[in-house]
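Residue-level structure breakdown
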Amino acid sequence: MAKAVELAVEEVNDAGGVNGRQVKLYQEDDATDPATCLTAIKKLVELNDVKLIIGSMTSGASMTCGPYVAERKVLLVSPSATSPELTGQPWRDYYFRTCPSDTFQGKVMAKIALDEGLKKAVILAMDNPYGTGLAKVIESALGGEAEVLTVIKYDPAKKDYLTELTQIKNLNPDGVFHIGFNDDGRVIYQQALNLGLDKMRWIGCDGVYGTGMFATKAAAEFMAKAMVGTRPASPEGGKYEEFRQAYLAKFNTEPEVFCDTIYDATKLILDACAKTGTDDPAKVREALLSLGRDYEGVSGRLTFDGQGDRISGVYELWAVVKKGEEYAFERVRLIEAE
Amino acid sequence: MDPLFYIADTLVFAGIFALLTLSLNLEYGFTGLGNFGKVAFFMAGAYTYAVMASAHMPCYLCLIGAGLAAGLIGFLITFPVLRLREDYLAIVTLSFGEILRITIKAQEGIAGGVQGIVVPGAFAPFTDSVRLLALANIGLVLFCLLFTFLLVQLLTHSPYGRILRGIREDETAMQAIGKNTVIYKAGALATGSVIAGVAGGLFAQYISFIDPYMFLPLVTFFVWIMLILGGPGNNWGALLGGLTVELINRGTRIAKDYLSLPVDPNNLQFILFGMLIILFLLYRPQGLLPEGPVKTAARKEVLRWRSSLPTGS
């Protein structure tokens, strides 16, 4: 992800910098640990005199760093903290997010289920902030129109999920929401296929998207038979394609997840500096709020609400199709979440 | 920019970890108990503080609660465990730390589960000044550290401390002269756990948000590194070890701004710690500051005190 920032900064510096000055980039590793992240940010602010920071990467780290940046009046823009819990925190004045909160994905997943007319659902979620956060949103978004029989939480480090899957089998729902990652997803889908759970509708999320899923044949077969899923869609063509080409040319690899939102975060901050002619966080903050209205970024159209949360996201509904002997993800349609 | 804040932050972290190192020193350095579950008691303290502070209790009560909760857990858990041999003690305490962490992670009702819990700052209601806040935090941590240091120093330089060292050197011999070693070991572990609990409370207060992912076994290993570098069996060594490791930790981060290193600075830090541990264990197993003699009062003086007691019996 840091590479996308380097790219953005390089582009701006090559074009003459901001306000006649070159942009200097400092990098620190937050190790996705809230305490480490706070130490790293304090180092940047107090020793390097940095006023505009792109981070924190995780929602937990945002919880420790948020109050501090509000106290010190420096700006924090996170490209990847998606937890709904961050919305409405008292320290939000100097904290922005260029990624949509998981609230939107949860709503989209619930909408898909309701559109298909599912009546009884089970939520199978990893026991981490991402999993439990999404599960909560889905449950409230279903709003009683479909009944949630139970929420099953599991430890994603496990190698066997027969207990959870048997429980689902006994409850016999119409559909299962699954919030997981690739590694646990492969095992779950393989075992679900063996138990004959492919007769019900499974709705996945961005965590189980990726060709890594096809490393296990049975998992791929299961996904083709039973699954659809959602993920934040990178808009096709246009600005994203430009960004992708530039990224490919510079680093010789495809951009990873969140590279687009971190690129947008960098560009937005620098644009805001150029607009105000200063790097004073209080003024940049105001500029960000006004710039962040229908901003055409590489991650799609971006609008901030009053506290700096991105208010809409475009999601892709995906399915898995079998082409000859190979499996592949296919875009069914785009869904705009509000 | 204000480097003073960064120095203050360093002192607070070093202070909290020095507390942990002192508590491990009491357990391992003096009594020979290999507690590999330090993080469990640290965590128990942090969560107790968080839950009590969320219920709007004053800071000092929360800290006392944090210490007592961790101490109680330490006392209870070590009773069945203390009859085990050294290496089994290490395994049991290590797994206990994980059990506690996973329990808190899984039980959303206790303190937010995986989502973590926000800890209200102790001084936030009294002042808006960032400087005063930093000063208050340093004051609180250093006060706790000073108090604990004096306590541990007095404890280990008393006849009680002599028995602890005796247990470390030869437990059978201590039993032979009629000491109930289990009680003494449980006492040392409970006291160590109280200190770790207070450190946890201070940590939670300072960081203002805790979640179960912050209490991985890595924390325990950091405390061990501090103690091994500083010098097991020497309380000054424990303080020095805590400060040294914290400085290396931050130093590698700062150094990378000025040097271009072939490895990532955060990995460099782990390489450095690993090398230091190996070198120290090979060439200086007694640590930076080696263990000194027990400074209990001389026999003659004690007899004089005793004869001056009014009862005289």
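Scanning chain A from N- to C-terminus turns up 11 helices and 12 strands. The C-alpha atoms of chain A give 21 Å as radius of gyration, which agrees with the globular expectation for 338 residues (20 Å, within 12%). For chain A, the spread of C-alpha atoms along the three principal axes comes to 65 × 45 × 35 Å. Residues classed as buried in chain A amount to 55% of the 338 residues present. Long-range pairs, those at least 24 residues apart, make up 67% of the contacts in chain A between residues at least 6 apart in sequence. Entry remark: accessible area of chain A is about 13700 Å², with carbon and sulfur atoms responsible for 49%. Positive and negative side-chain charges in chain A, numbering 39 and 50 respectively, have mean positions lying 1 Å apart.

Below, the discussion takes up the interface of chain A and chain B. Counting residues at the interface gives 33 residues for chain A, matched by 29 residues for chain B. Counting each side, the surface lost to burial between chain A and chain B is near 2600 Å², with a carbon and sulfur contribution of 56%. There are two salt bridges connecting chain A and chain B. A salt bridge links A:Lys42 to B:Asp9; its shortest N-O distance comes to 2.9 Å. Our count for the chain A to chain B interface comes out at seven residue pairs in polar contact (both at pLDDT 80 or more). With 10 residues, the top contributor of residues to the side of chain A that touches chain B is helix H2 (residues 34-46) of chain A. Looking at the side of chain A that touches chain B residue by residue, the classes come out as 10 nonpolar, 10 polar and 13 charged.

Next up on the list: the side chain of B:Ser193. Residue and element names in this part refer to chain B. One can find Ser 193 in helix H9 (residues 181-207). Within the structure, Ser 193 has its side chain in polar contact with the backbone oxygen of Leu 189 (distance 2.7 Å). Residues contacting Ser 193, with those up to four places away along its chain left out, are Glu 27, Phe 41, Ala 70, Gly 71 and Gly 74.

This brings us to the state of the cysteines. All names here are of chain A. Under the definition given, this model contains zero disulfides over all chains. Free of any disulfide, Cys 65 has its nearest cysteine sulfur in Cys 37, 3.5 Å distant. Not part of a disulfide, Cys 205 finds its nearest cysteine sulfur in Cys 99, a span of 15 Å.

All names here are of chain A. Pairing is mixed across the open sheet formed by seven strands, whose spatial order is E5-E4-E6-E7-E8-E11-E12. A strand with exactly one partner marks an edge of an open sheet, and here the two such strands are strand E5 (147-154) and strand E12 (326-337). Recorded for the sheet is a direction-independent mean angle of 20° between the axes of neighbouring strands. Bridging between strand E4 (residues 120-126) and strand E6 (residues 175-179) involves five bridges; their strand directions are parallel. Looking at the pairing, Val 122 lines up with Val 176 of E6. Packed on one face of the sheet, helix H4 (residues 102-115) meets E6, strand E7 (201-204), strand E8 (227-232), strand E11 (313-323) and E12 and runs near 150° to E8.

Residues and elements named next belong to chain A. Taking burial as the measure, the seven residues of E4 include six buried ones, the bulk of the element. As paired elements, E4 and E5 share seven bridges and run parallel to each other. Across the sheet, residue Ala 121 finds its bridge partner in E5, namely Val 148. Running through helix H5 (residues 129-142), the crossover from E4 to the neighbouring parallel element E5 is right-handed.

Residues and elements named next belong to chain A. Domain annotation for chain A reports domain 1 (2-100 + 236-311) and domain 2 (103-233 + 315-337). For domain 1 and domain 2, the distance between their C-alpha centres works out to 31 Å. In this complex, domain 1 contributes six residues to the contact, which on the side of domain 2 involves eight residues. A combined buried area of about 610 Å² lies between domain 1 and domain 2, and 52% of that area is made up of carbon and sulfur atoms. Our enumeration of links across domain 1 and domain 2 arrives at one salt bridge. Across the pair Glu 85 and Lys 136 runs a salt bridge, and its minimum N-O distance is 3.5 Å. At the junction of domain 1 and domain 2, the tally comes to one residue pair in polar contact (both at pLDDT 80 or more). For the side of domain 1 that touches domain 2, a count of residues per class yields three nonpolar, no polar and three charged.

Counted by the stated rule, this structure contains 30 salt bridges over all chains. A salt bridge links A:Lys199 to A:Asp198; its shortest N-O distance comes to 3.5 Å. The exposure class of A:Lys199 is exposed, given its relative accessible area of 73%. The partner of A:Lys225 in a salt bridge is A:Asp198, and the shortest N-O contact between them spans 3.8 Å. With A:Lys225 in helix H8 (residues 217-226) and A:Asp198 in the loop between helix H7 (182-194) and E7, the pair connects residues that are 27 residues apart, well separated along the chain. Each of the salt bridges in this network shares a partner with another, and the network as a whole consists of A:Lys42, B:Asp9, B:Glu246 and B:Arg250.

Residues and elements named next belong to chain B. It is at 10 Å that the axes of helix H7 (residues 159-169) and H9 come closest, and there the two elements cross at 110°. As far as their axial angle goes, H9 and H7 are roughly perpendicular. Facing Tyr 160, Ile 163, Leu 164 and Ile 167 of H7, the residues of H9 in contact are Thr 181, Tyr 184, Lys 185, Gly 187 and Ala 188. Looking at side-chain class alone, the contact of H7 with H9 contains six nonpolar, two polar and one charged residues.

This paragraph deals with the sheet that holds strand E1 (residues 52-54) of chain A. Residues and elements named next belong to chain A. Read across the sheet, three strands follow the order E1-E2-E3 without closing on themselves; strand pairing throughout is parallel. One side of each edge strand has no neighbouring strand; the edge strands of this open sheet are E1 and strand E3 (95-97). Pairs of neighbouring strands in the sheet enclose a mean axial angle of 20°, with direction left out of account. Two strands pair when backbone bridges link them, and strand E2 (residues 75-78) and E3 are joined in this way by three bridges, in the parallel orientation. Within E3, the position partnered with Ser 78 by the bridge is Arg 97. Here helix H10 (residues 259-276) sits on the sheet and contacts E1 and E2; the angle it forms with E1, its principal contact strand, is near 165°.

The rules behind each value
Residues numbered from 1 in each chain as written. Chains lettered and ligands numbered in written order. Predicted model: local features only at pLDDT ≥ 70, side-chain atom pairs only at ≥ 80, totals over all residues. Heavy atoms only, no water. Helix = DSSP H or I, 4+ residues; strand = E, 2+ residues; numbered from the N terminus. Rg over C-alpha atoms; globule rule 2.2 N^0.38 Å. Buried < 20%, exposed > 50% of the residue type's maximum accessible area, 1.4 Å probe, protein only. Contact = heavy atoms within 4.5 Å. Areas by Shrake-Rupley, 256 points an atom, 1.4 Å probe, with all protein chains shown as cover. Lys, Arg positive; Asp, Glu negative; His and termini not counted. Charge placed at Lys NZ, Arg CZ, Asp CG, Glu CD. Buried area = accessible area lost by both parts, 1.4 Å probe. Salt bridge = Lys/Arg side-chain N within 4 Å of Asp/Glu carboxyl O. Polar contact = N/O pair within 3.5 Å; in protein donor to acceptor, adjacent residues only side chain to side chain. Nonpolar A, V, L, I, M, F, W, Y, C, P; charged D, E, K, R; others polar. Disulfide = S-S within 2.5 Å. Pairing = 2+ DSSP bridges. Axes fitted to C-alpha atoms, helices over the stretch in contact; angles between N-to-C directions. Right-handed = clockwise from strand over helix to strand, strands pointing away. Domains from an automatic or database assignment. Parallel < 35°, antiparallel > 145°, perpendicular 65-115°, else oblique.

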